[in-house]
Amino acid sequence: MESALMQITALRVTPIAFRDPPLLNAAGIHEPYALRSIIEVEAGGFTGLGESYGDAPVLAALQEAAPDLVGLSIYDLNGLHDRLASALARLPTAQAGAELAPGSQPSRLLGNCFSAFEVALLDLQAKVAGVPLHELLGGALRREVPFSAYLFFKYARHIEPEEAPDAWGEAITPEGIVAQARRMIHLHGFGSIKLKAGTLPPDIEVASIEALSRAFPGLPLRIDPNGAWAMDTALKAAEKLGPLIEYYEDPVAGHDDMAELHRKTGLPLATNMIVIDFPGFKESVAKNSVQIVLSDHHYWGGLRATQNLAAMCDTFGLGLSMHSNSHLGISLMAMTHLAATTRNLTYACDTHYPWVEEDDEVIAGGKIPITGGCVRITDMPGIGVELDRQRLARAHAMFKRITIRTRDDLGQMQKYDKAFTEKKPRY
Ligand code: GKR
Ligand code: MG
């Protein structure tokens with residue numbers, strides 16, 4: 001009965017851009033701006049919020065589908081799926097998406113769009129019920145969700161002379177990485193560290209983990225070369241890394257090499273690259289290629305699909321952690337509510353949020369605090385955040401001002417080094 005009254009009356013998909021530092025990774029380097037879409041869904045005087053990728057193929061899909069969702073009950077998530085599937089079928093075949101932003105890959109479009117709108121609908125459902133999102137997701141098991149300090153090798157400034165340097169400075173040596181970790185831990189109190197690798201020569205990256213373990217004795221450490229290392233390199237690195245890391249994330253590419261590396265080293269291997277859907281999960285179980293899956297509701301098809309993933313990990317004895325791309329506070333709070341309600345999510349989650357500038361956040365009150373290494377859930381209805389319209393307008397204006405429309409870490413790196421290619425393994 002109530003459901004008939006709670007039909008979607010309006011939707012908005014607003015593309016935004018925010019500043020991003022020159023962070024190095026296996027694909028190249030971050031451009032000066034990251035893109036996101038902010039989703040607003042209205043029904044019964046309430047507004048539900050979502051946040052997703054802002055790359056052109058995803059944006060086009062979200063904007064194509066949005067009008068079709070008017071009139072849908074906010075509780076009808078199967079209906080959401082079906083209407084999205086029909087809307088996306090109208091789109092021309094999408095171009096390639098960014099490799100390190102799996103949600104922007106064409107094959108992931110439906111799950112990605114579903115997730116974007118599902119979060120907004122669940123926020124709306126919870127607001128209508130007057131309960132926090134964590135209650136809708138099954139109840140909070142923890143009020144504070146731990147995140148890890150996500151470190152990157154980086155340059156002091158972008159190559160574009162008009163872009164101002166950030167406050168983090170250069171980090172291209174083990175000493176630079178330790179200094180970056182000190183600053184991040186000082187600001188946010190993180191109790192574990194992840195190092196993005198696959199970019200500088202592996203000796204420097206391994207030495208950086210060794211330096212971190214000396215500087216922060218006892219803190220859990222992870223390293224993530226994004227599949228850029230050859231088997232020999234990963235095996236050699238494992239001799240030094242083995243005693244120091246809690247898991248080894250995507251050191252090599254593909255199920256077969258990951259399985260071989262695990263057989264030879266016994267180290268727990270994690271991934272956000274080879275298990276990004278259930279067929280990939282099935283292959284990993286058959287080959288024992290992965291021991292810890294990094295979930296990410298943005299490309300796993302939403303919050304409820306990620307709960308299914310958690311149940312699968314539990315069933316097959318795999319660990320569960322959480323992946324992140326560059327994002328703002330709506331995503332951070334959706335991730336936090338999900339993690340707070342997921343029993344077997346026992347590793348600190350990843351987040352790029354410390355790299356976001358305060359002025360670039362679009363939610364009321366500015367950036368969400370990360371203190372003691374944790375984000376806290378609240379009992380405010382829904383996700384617990386609202387948009388600040390001025391901030392949103394500013395971020396949208398930034399999107400309109402820049403020319404970046406799809407993440408291109410490779411192209412950005414080629415501005416520094418024309419000979420840089422996407423060759424993998426790189427080392
Ligand atoms: O932002 O450079 C980056 C990361 O490399 C990101 O794109 C990855 O998706 O964080 C990610 C990861 O864990 O692989
Ligand atoms: Mg990763």
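Rules behind the numbers
Residues numbered from 1 in each chain as written. Chains lettered and ligands numbered in written order. Predicted model: local features only at pLDDT ≥ 70, side-chain atom pairs only at ≥ 80, totals over all residues. UniProt positions renumbered as here; feature names shortened; annotations may be inferred. Helix = DSSP H or I, 4+ residues; strand = E, 2+ residues; numbered from the N terminus. Contact = placed C-beta atoms within 7 Å. Pairing = 2+ DSSP bridges. Axes fitted to C-alpha atoms, helices over the stretch in contact; angles between N-to-C directions. Left-handed = near helix turned anticlockwise from the far one by under 90°. Nonpolar A, V, L, I, M, F, W, Y, C, P; charged D, E, K, R; others polar. Core = buried A, V, L, I, M, F, W, Y, C linked by C-beta atoms within 7 Å. Buried ≥ 20, exposed ≤ 12 C-beta atoms within 10 Å, placed from the backbone.

Help me understand the UniProt feature "active site" (unreviewed entry) in the chain in this model?
The positions that UniProt labels "active site" (unreviewed entry) are, in the present scheme, K196 and H323. A maximum C-alpha distance of 12.1 Å among these annotated residues, which run over 128 residues, shows that they cluster at one spot. With respect to the helices and strands, the residue K196 is situated in strand β8 (residues 193-196). Excluding anything up to four places from it in sequence, K196 contacts N25, L151, F152 and D224.

Sorry, what's going on with the sheet that holds strand β4 (residues 33-43) here?
Strand pairing within a sheet occurs via backbone hydrogen bonds; the two strands may be parallel or antiparallel. In space, the three strands of this open sheet follow the order β1-β4-β5, with antiparallel pairing throughout. This sheet does not close on itself; its edge strands, each paired only once, are β1 (10-19) and β5 (46-53). On average, each strand axis in the sheet is tilted by 25 degrees relative to the strand beside it, whichever way the strands run. Here β4 pairs with β5 via eight bridges, running antiparallel. Across the sheet, residue I38 finds its bridge partner in β5, namely E51.

Sorry if this is basic, but what is going on with the environment of R401 here?
By secondary structure assignment, the location of R401 is in helix α14 (residues 389-401). The sequence separation of R401 and A17 amounts to 384 residues, and the corresponding C-alpha distance is 9.3 Å.

Where do I start with the packing of helix α2 (residues 56-65) against helix α3 (residues 77-89) in this structure?
When two helices pack together, their arrangement is given by the angle between their axes and by how far apart the axes lie. The contact between α2 and α3 brings their axes to 9 Å, and the two run at 115 degrees. Pair α2 / α3 crosses with right-handed handedness. Of the residues in α3, those in contact with A61, E64 and A65 of α2 are L84, A87 and L88. Classifying every residue of the contact of α2 with α3 gives five nonpolar, no polar and one charged.

Is there a simple way to explain the sheet that holds strand β11 (residues 269-271) in this structure?
Strand order in the open sheet formed by seven strands is β7-β8-β9-β10-β11-β12-β13, and the pairing between neighbours is parallel. This sheet does not close on itself; its edge strands, each paired only once, are β7 (149-152) and β13 (319-322). On average, each strand axis in the sheet is tilted by 25 degrees relative to the strand beside it, whichever way the strands run.

What is the right way to read the UniProt feature "domain: Mandelate racemase/muconate lactonizing enzyme C-terminal" (unreviewed entry) in the chain from this model?
Following the UniProt record, the feature "domain: Mandelate racemase/muconate lactonizing enzyme C-terminal" (unreviewed entry) maps to residues 174-268 here. Between the end C-alpha atoms of residues 174-268 there is a gap of 24 Å, over a span that is 54% helix and 14% strand.

Just to check I follow, could you spell out the nonpolar core for this structure?
Proteins that are soluble and globular tend to have nonpolar side chains buried together. Ranked by internal contacts, the top residues of the largest apolar core, which has 126 residues, are L62, C113 and F117. Looking at which element gives the most residues to this core, the answer is helix α4 (residues 109-129), with 12 residues. Non-local contacts of L62, meaning those with residues more than four positions away in its chain, are made with V13, S37, I39, S52, C113 and A116.

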